[in-house]
Amino acid sequence: MMGDVKSGHILSDYYIPNYILVPGSEAKKPPWVPSCPVLVFINSKSGGQLGGDLLLTYRSVLNKNQVFDLGEMKPDKVLHQIYANLGTLKHCGDVVASAIQNSLRIIVAGGDGTAGWLLGVISDLKLPHPPPVATVPLGTGNNLPFSFGWGKKNPGTDLQSVLSFLEQVKNAKEIKIDSWHIIMRMRAPKEGPCDPIGPLELPHSLHVFHRISQTDKLSVEGYHTYRGGFWNYFSMGEKYNLYEWMLKYHMHFTLRGNCTRKKFRNQLINQSRYVKLGCTQGWLFASLLRPSSTNIAQLTKVKIMRKQGQWEDLNIPRSIGSIVCLNLPSFSGGFNPWGKPFRKKFHDRGLTPPFVDDGLIEIVGFRNVLHGLVLLAPNGHGTRLAQANAVRFEFKKGAADHTFMRIDGEPRKQPLPVDDDTVVVEISHFGQVSMLATPFCKSKSVYDPSSPICRYDEDEDNDSTDEGESTNGWEEKRKFGAADTFKFPDEFDTTQLS
């Protein structure tokens, strides 16, 4: 038995014995059944050294074998082993194992990239009753924790802070959120050390996928498919995302060396440093000089699916320079680009209130960085373009040879066709995962009676767009398809995750 037993009754609520965590260990069952057993996954490289400090505190109050450093152990292997062991013990009539399997909760401490990693692993397990997830904000944006009431600020790492967080996890309610699958088809670079990826640098949320339908028109030699998933947002654009991407790139690859890590423990200082950097380097105002030929309407053809099997062309205003496909009410550190819609003209456009479990994703446009500043105003929002259960971007040769994307905060510089090739990015609904929410939760469920309906007001919402006619049917959607897994590659470096 671990030393946590003598720390007090409160910890017995969260305790998981070794014989469940470590196969082959002696079956020493505790004299109680834990009411809120937890597995804790911590990215020790997140939040300066805060992740490492948090790891030590959790291990001091729980069984150290139920607290995992993501820099040392991959969550897919951990969860697969634990659930396999729980299933075996439950089959043998183990009451403690059965109770733990039914009430298990997961805590993940890190940035949005780390949280997305865990959510993807849980989705891959395809469990009958997936464990709900609580997120500890250790990143810079912390959109996922903020959406569910866990805050945006980096947490305390002392004993009292950890005990307080565990109590919140115990009392938190479960809420389902939509999972979104993203699949990209493009011609892979011919040169590079990592065929078939070549010099193409993928974010950790995407990886190569080889199972391609033989009937797909892009299923020809030289084309490859990359796939992954997200739970918060996908954004794309030229200069607007360049600003975001360069800040993120700077944080990931310049400021995160061990010699400077302690300088970036304060989240507010980090954010102000990035804004100052953007101004001094000229990134903030670069988008104002962007030629109209690099706006979204000139870069890509956008299709959406509102009804199963019916693709429609989405008219994008020529002034729009970037697009955000939003699932949760938090973007870039807590802003809500969709805003709180008004009733007037709203229902006429076929829009509904934004819920996190309705199978719809909100699509919002921005002209440039200064347009994004409207989010600072009360009820500020971007240009509401549409809601859909699938979105498809088709890129042909155009004025730009690349664009910039972010998938749940992870940056990507996306090459665009330079000849007659086609790059296709498709986003589709792909099930749900369970999150844990506090009373301060910003996300709303379509099944929650307390969720607000659209407010009635004299809002002159001039952001309406013309909608195209239905084009390709379900067969095209079925051919392109959605992969059946979110699995990340085994070899990626967790220090690059937020």
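Every chain begins its residue count from 1, and numbering advances along the sequence as written. Local features in a predicted model are, by the rule used here, given only for residues with pLDDT of at least 70; side-chain atom pairs are given and counted only at 80 or more, and totals for whole chains, interfaces and linings are based on all residues. Water and hydrogen atoms were dropped before computing side-chain values, which therefore reflect all heavy atoms in the structure.

Asker: Explanation requested: the overall build of the protein in the structure shown.
Answerer: Going along the chain from the N terminus, every DSSP run of H or I of four or more residues is numbered as a helix, and every run of E of two or more is numbered as a strand. Counting its secondary structure elements, the protein contains 14 helices and 18 strands. A separation threshold of at least 6 residues defines the contact pool for the protein, and within that pool the share at least 24 residues apart is 78%. Exposure was quantified through the Shrake-Rupley algorithm and a 1.4 Å probe, taking into account, for residues, occlusion by the shown protein chains and nothing else. Looking at the protein as shown, the accessible area adds up to about 21,200 Å², and 53% of this sits on carbon and sulfur atoms. In this description, contact between two residues means that some pair of their heavy atoms is separated by no more than 4.5 Å.

Asker: Where do I start with the environment of P145 in this structure?
Answerer: The topology assignment puts P145 in helix 7 (residues 143–147). Between the C-alpha atom of P145 and that of M435, which follows or precedes it by 290 residues, the distance is 9.8 Å. Not counting the four nearest positions on each side in its chain, P145 is found in contact with D112, T135, V136, P137, W150 and G151.

Asker: Honestly, helix 4 (residues 75–91) in this entry has me stumped. Any pointers?
Answerer: The periodicity of an α-helix, 3.6 residues per turn, causes residues three or four places apart in sequence to face the same way. Expected helix span is taken as 1.5 Å per residue step, with the number of steps being one fewer than the number of residues. With 17 residues, helix 4 should cover 24 Å at 1.5 Å per step; its first-to-last C-alpha distance of 24 Å lies within 8% of that length. Note on exposure labels: buried denotes an accessible area under 20% of the residue type's maximum, exposed denotes more than 50%, and partly exposed covers the range between, all computed with a 1.4 Å probe on protein chains only. Listing the buried residues of helix 4 in full gives P75, V78, L79, I82, Y83, N85, L86 and L89. With its buried residues spanning 160° around the axis, helix 4 presents them on a single face. Exposed and oriented more than 90 degrees from the buried face of helix 4 are K77, H80 and H91. Looking one or two residues beyond helix 4, the residue adopting positive phi is G93, at roughly 90°. The directions considered for the arc are those from the helix axis to the C-beta atoms.

Asker: Just checking my understanding: could you explain a positive patch on the surface for this structure?
Answerer: Patch criteria: residues need more than 30% relative accessible area and no salt bridge. Like-charged residues are merged within 9 Å; nonpolar side chains of Val, Leu, Ile, Met, Phe, Trp and Tyr are merged within 5 Å. Criterion for a salt bridge: a side-chain nitrogen of Lys or Arg within 4 Å of a carboxyl oxygen of Asp or Glu. In this count, Lys and Arg are taken as positive residues and Asp and Glu as negative ones, while His and the chain termini are left out. By convention, the charge on Lys lies at NZ, on Arg at CZ, on Asp at CG and on Glu at CD. Side chains of K152, K153, K340 and K442 sit close together on the surface and give a patch of like positive charge. Within the secondary structure layout, K340 lies in the loop between strand 11 (322–326) and strand 12 (361–366).

Asker: Is there a simple way to explain the sheet that holds strand 13 (residues 383–388) in this structure?
Answerer: Hydrogen bonds along the backbone pair up the strands of a sheet, which may run parallel or antiparallel. Strand order in the open sheet formed by 6 strands is 13-12-11-8-15-16, with antiparallel pairing between adjacent strands. Strands at the two margins of the open sheet, each flanked by one partner only, are strand 13 and strand 16 (410–415). Neighbour-to-neighbour, the strand axes of the sheet open up by a mean angle of 20°, direction not taken into account. When DSSP finds two or more bridges between two strands, those strands count as paired. In this structure, strand 8 (residues 233–237) lies alongside strand 15 (residues 402–407), joined through 4 bridges in antiparallel fashion. Along strand 15, the bridge assignment pairs F234 with I407. An axis is simply a line fitted to the C-alpha atoms; with a helix, the fit covers only the stretch in contact. Between two such axes, the angle follows the N-to-C directions and lies from 0 to 180 degrees.

Asker: Even after reading the chapter, I still don't get the packing of aromatic side chains, so can you show me in this structure?
Answerer: Side-chain rings of Phe, Tyr and Trp (the six-membered ring for Trp) are treated as a pair once their centres are within 6.5 Å; stacked means planes under 30 degrees apart, edge-to-face means over 60, and tilted covers the remaining angles. A complete count under the given rule lists 5 aromatic pairs for this structure. Pairing Y15 with W32 gives two aromatic rings, centres 5.9 Å apart and planes at 55°, and the pair type is tilted. Residue Y15 is located in the loop between helix 1 (9–12) and helix 2 (18–21), and its partner W32 is located in the loop between helix 2 and strand 1 (38–42); the two are separated by 17 residues in the primary sequence. Pairing W150 with F165 gives two aromatic rings, centres 4.9 Å apart and planes at 40°, and the pair type is tilted. One end of the pair, W150, is in the loop between helix 7 and helix 8 (159–171); the other, F165, is in helix 8, and 15 residues separate them in sequence. A relative accessible area of 9% means that F165 is categorised as buried. Taken together, the ring pairs in this structure connect F230, F234 and F393 into an aromatic cluster. In our convention, an over-ring charge means Lys NZ or Arg CZ found within 6 Å of a ring centre and within 35 degrees of that ring's normal. The residue whose ring lies beneath K152 is F146, and the NZ or CZ to ring-centre distance is 4.9 Å.

Asker: Which parts of the structure should I look at to understand the nonpolar core?
Answerer: Grouped burial of nonpolar side chains is what soluble globular proteins tend to show. We define the nonpolar core as a collection of buried residues of types Ala, Val, Leu, Ile, Met, Phe, Trp, Tyr and Cys that are connected through side-chain atoms lying within 4.5 Å of one another. Counting residues in each nonpolar core, the largest one holds 65 residues, and the members touching the most others are L39, Y58 and F148. Non-local contacts of F148, meaning those with residues more than four positions away in its chain, are made with I175, I177, L328, M435, L436, A437, T438, C441 and S443. In this structure, M186, I363, A386 and A388 belong to the second largest nonpolar core, which totals 33 residues.

Asker: In this structure, what is going on with the packing of helix 4 against helix 6 (residues 112–125)? I would like to understand it.
Answerer: If you want to describe how two helices pack, look at the angle between their axes and the distance between the axes. The interhelical angle for the contact between helix 4 and helix 6, taken along N-to-C directions, is 40°, at an axis separation of 9 Å. If you check the angle between helix 4 and helix 6, you find them oblique. As helix 4 runs across helix 6, the sense of the crossing is right-handed. On the side of helix 4, the interface is formed by P75, D76, L79, H80 and Y83, while helix 6 contributes W117, L118, V121, I122 and L125. Residues are grouped as follows: Ala, Val, Leu, Ile, Met, Phe, Trp, Tyr, Cys and Pro are nonpolar; Asp, Glu, Lys and Arg are charged; every other residue, Gly included, is polar. The residue inventory of the contact of helix 4 with helix 6, partitioned by class, reads 8 nonpolar, 1 polar and 1 charged. Oblique is the label for any angle not covered by the other classes, which are roughly parallel (under 35 degrees), roughly antiparallel (over 145) and roughly perpendicular (65 to 115). Crossing handedness is read from the near helix: turned anticlockwise from the far helix by less than a right angle, it gives a left-handed crossing, and turned clockwise, a right-handed one.

Asker: Just checking my understanding: could you explain the pairing of strand 12 for this structure?
Answerer: Consecutive residues of a regular strand have side chains that alternate between opposite faces of the sheet. Counted residue by residue, strand 12 has 6 buried out of 6 residues, so it is predominantly covered. Along strand 12, one buried face is formed by I361, I363 and G365 and the opposite face, lined by E362, V364 and F366, is buried too. Where strand 12 meets strand 13, 5 bridges bridge the pair, whose relative direction is antiparallel. Its bridge partner lying in strand 13, E362 is registered against Q387.

Asker: Would you explain the pairing of strand 8 in this entry?
Answerer: Of all 5 residues that make up strand 8, 5 are buried, and the element is covered over most of its length. Residues of strand 8 alternate between two faces, with Y233, S235 and G237 on one and F234 and M236 on the opposite face, all of them buried.

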